[in-house]
Amino acid sequence: MMEGEHSMEEMHSKELVEVIAKSLVDNPDEVSVTEKTEGRNTVLELHVASADMGKVIGKQGRIAKAIRSVVKAAASRDKKNVDVEIIG
């Protein structure tokens, strides 16, 4: 049962990143999130159009930092380590 909950939580983090990113960019159809699990660590790779990189990163990286903070907070309640990488 715990394995199923683990999978649902990762799916939740993945969907969370996707929804946030799609609301920020001009090309929401080009937003995708891929998930890579390495032991207890999960890396979510956020892919956006090159033209939208600035909107997802923000001035001085503030938006990117905020996205990472929200995802880490959501994952921390289940003692998981989730990182977000932004790829243009």
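The preceding data block contains the structure.
Here is a short report on the structure shown in this document.

About the thresholds
- Residues numbered from 1 in each chain as written.
- Predicted model: local features only at pLDDT ≥ 70, side-chain atom pairs only at ≥ 80, totals over all residues.
- Heavy atoms only, no water.
- Helix = DSSP H or I, 4+ residues; strand = E, 2+ residues; numbered from the N terminus.
- Buried < 20%, exposed > 50% of the residue type's maximum accessible area, 1.4 Å probe, protein only.
- Contact = heavy atoms within 4.5 Å.
- Areas by Shrake-Rupley, 256 points an atom, 1.4 Å probe, with all protein chains shown as cover.
- Pairing = 2+ DSSP bridges.
- Expected span 1.5 Å × (residues − 1).
- Arc of directions from axis to C-beta.

1. A word on the overall build of the protein chain
- When helices and strands are tallied, the protein chain shows three helices and three strands.
- Ordered by position from the N terminus, the helices and strands of the protein chain form the series α-β-β-α-α-β.
- When burial is assessed residue by residue, the protein chain has 32% of its 88 residues classed as buried.
- Across the protein chain, every contact between residues at least 6 apart in sequence was considered, and the portion connecting residues at least 24 apart equals 53%.
- Carbon and sulfur atoms make up 53% of the accessible area of the protein chain, which totals about 5,700 Å².

2. Here's the deal with the pairing of strand 2 (residues 41-47)
- Buried residues dominate strand 2, accounting for five of its seven residues.
- As judged from the seven bridges shared by strand 1 (residues 32-38) and strand 2, these two strands associate in the antiparallel manner. Within strand 2, the residue paired with Val-33 across the bridge is Leu-46.
- What sits between strand 1 and strand 2 in their antiparallel hairpin is a turn of two residues, with Gly-39 showing a positive phi close to 65°.
- Sheet topology places strand 2 next to strand 3 (residues 81-87); seven bridges connect them, and they run parallel. Along strand 3, the bridge assignment pairs Glu-45 with Glu-85.

3. Thoughts on helix 3 (residues 62-76)
- Along its 15 residues, helix 3 runs 21 Å from first to last C-alpha, staying within 8% of the 21 Å computed at 1.5 Å per residue.
- Among the residues of helix 3, Ala-64, Ile-67, Val-71, Ala-74 and Ala-75 are the ones counted as buried. Each buried residue of helix 3 sits inside an arc of 100° when the element is viewed along its axis, so together they form one side. Residues of helix 3 that are exposed and angled more than 90 degrees away from the buried face: Arg-62 and Lys-65.

4. Section: the side chain of Glu-45
- With respect to the secondary-structure elements, Glu-45 resides in strand 2.
- Glu-45 sits in the buried class, given a relative accessible area of 12%.
- Those residues within four positions of Glu-45 in sequence are excluded, and the remaining contacts are Ser-32, Val-33, Thr-34, Lys-36, Glu-85 and Ile-87.

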